[in-house]
Structures are given as C-alpha cells and as structure tokens.
Amino acid sequence: QVQLVESGGGLVQAGGSLSLSCAASGRTFSSSNMGWFRQAPGKEREFVAAISWDGRSIDYADSVKGRFTVSRDNAKNTVFLQMTSLKPEDTAVYYCAAAQMPLATIAISEAYHYWGQGTQVTVSS
C-alpha cells in the first residue's frame, strides 16, 4: 500500500511559479507510475501530468505543456510538479496518485489506486 501527502500549494499571482511535492510511504513507490491531477470548483477532475516508475515516460495535458514539469526522486520517495507561467485557470486542488499499471493508462484517473489528500493552488489575476 502507498500513502501520499502533497505539499507546496498556495496563492500566487498570474505568471508566477509554484513547486508541488508528493511524498510517498510504502515499499512500492519505486515501481509505481505517478500522476498529478487537479479539480477546480464545479469541474471534473482532470489529468495534469504523469511519470513512469523509472522516469523514462512522461506525459502532460496539452493545457500545461511547456509550463509544468514532472519529475521524481525514487531515493526520496517523492514526485514533484514544477509549475511556471501560472494562469488563473490553473486554480484547483492538485492531487498526486500512484499505481502499478500499464503505461497506456497513465493519464486515466481511474487507473490509479492511491491518492493524496490534495493541495490547493490559487492563481490570482
């Protein structure tokens, strides 16, 4: 089993940057694909970014490509989401998720088994 705790959210002005972290506990982190998702008020949860267990495969939502960077440190059981050039439409609760599943499903929230509690990101205009 994997427990996930996100941190690093906050309030930032448009154009600013934030770095999110997701600390994982459990023996299977290094073999788990990791995803970042977000959910804005009144909207469905959406895919943001994902990284394979070995870091070799990375995927981004079109809306964040070129602005967000996902990475991981298996030695520290942590996955990161570096967010730059933030926009008000990036405002949401950001969740990290973990699962051992085929890479073809890495952007699908239903494929993930473990979820963090979320961290709020608010971008003011």
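In what follows, the structure referred to is the one given above.
Notes on the structure in this doc start here. Residue numbers run consecutively from 1 along every chain, following the written order of its sequence. Local features in a predicted model are, by the rule used here, given only for residues with pLDDT of at least 70; side-chain atom pairs are given and counted only at 80 or more, and totals for whole chains, interfaces and linings are based on all residues. Just so you know, side-chain values use all the structure's heavy atoms and leave hydrogens and water out.

## Focus on the packing of aromatic side chains
To pair, rings of Phe, Tyr and Trp, with the six-membered ring standing in for Trp, must have centres within 6.5 Å; the planes then decide the type, stacked if under 30 degrees apart, edge-to-face if over 60, and tilted in the middle. Tallying each qualifying case throughout the model produces 4 aromatic pairs. A centroid spacing of 5.1 Å and a plane angle of 55° characterise the contact between F37 and W115, whose relative ring orientation is tilted. Taken together, the residues span a long stretch of sequence, with F37 in strand β4 (residues 33-39) and W115 in strand β10 (residues 114-115) at a distance of 78 residues. The structure contains a cluster of three or more aromatic residues connected by ring pairs, namely F37, F47, Y112 and W115. Across from the ring centre of W115, 4.0 Å away, lies the NZ or CZ of R45, which sits over that ring. Look at NZ for Lys and CZ for Arg. If either is within 6 Å of the ring centre and within 35 degrees of the ring normal, a charge sits over the ring. The ring of F29 has R72 lying over it, and the distance from NZ or CZ to the ring centre is 4.6 Å. The way it works is that DSSP assigns letters per residue, a run of H or I at least four long becomes a helix, a run of E at least two long becomes a strand, and they are numbered from the N terminus.

## Re the state of the cysteines
Disulfide assignment relies on a single distance test, namely cysteine sulfur atoms paired within 2.5 Å. Following the criterion strictly, the structure yields 1 disulfide and no others. Bridging C22 to C96, the disulfide has an S-S length of 1.9 Å. With the S-S dihedral at roughly 50°, the linkage between C22 and C96 falls on the right-handed side. Placement of the pair is C22 in strand β3 (residues 18-25) and C96 in strand β9 (residues 92-99), with a sequence separation of 74 residues. Neither C22 nor C96 differs from the other in exposure class; each is buried. Between buried and exposed lies partly exposed: a residue is buried under 20% and exposed over 50% of the maximum accessible area for its type, with that area taken using a 1.4 Å probe on protein chains only.

## As for the sheet that holds strand β1 (residues 3-7)
When DSSP finds at least two bridges between two strands, those strands are taken to pair. Strand order in this open sheet of 4 strands is β1-β3-β8-β7, and the pairing throughout is antiparallel. Only two strands of the sheet have a single neighbouring strand rather than two, namely β1 and β7 (68-73). Between one strand and the next, the sheet's axes are offset by a mean angle of 15°, whatever the strand orientation. Relative to strand β8 (residues 78-83), β7 is paired through 6 bridges, and the arrangement is antiparallel. Note that in β8 the partner of D73 across the bridge is T78. Think of each axis as a best-fit line through the C-alpha atoms, taken over the contacting stretch in the case of a helix, with angles from 0 to 180 degrees between the N-to-C directions.

## Here's the deal with the side chain of R72
Position of R72 relative to the elements: it lies in strand β7. A residue counts as positive if it is Lys or Arg and as negative if it is Asp or Glu; His and the chain ends are not included. Within this document, salt bridges are pairs made up of a side-chain nitrogen of Lys or Arg and a carboxyl oxygen of Asp or Glu, the two lying within 4 Å of each other. We note that R72 is buried and unpaired, the nearest opposite charge coming from D54 at a distance of 7.0 Å. At a separation of 2.8 Å, a polar atom in the side chain of R72 contacts the main-chain carbonyl oxygen of F29. At a separation of 2.9 Å, a polar atom in the side chain of R72 contacts the main-chain carbonyl oxygen of S52. Throughout, a residue-residue contact means that at least one pair of heavy atoms, one from each residue, lies within 4.5 Å. Apart from the residues within four sequence positions on either side, R72 is in contact with F29, S30, S32, N33, M34, I51, S52, W53, G55, T78, V79 and F80. Two N or O atoms form a polar contact when they lie within 3.5 Å of each other; inside protein one atom must be a possible hydrogen donor and the other a possible acceptor, and for residues adjacent in sequence the pair counts only when both atoms belong to side chains.

## Details of the side chain of T78
Note on placement: T78 falls in strand β8. On the accessibility criterion, T78 (12% relative accessible area) is buried.

The quantities given are spatial measurements derived from coordinates; they are silent on function.
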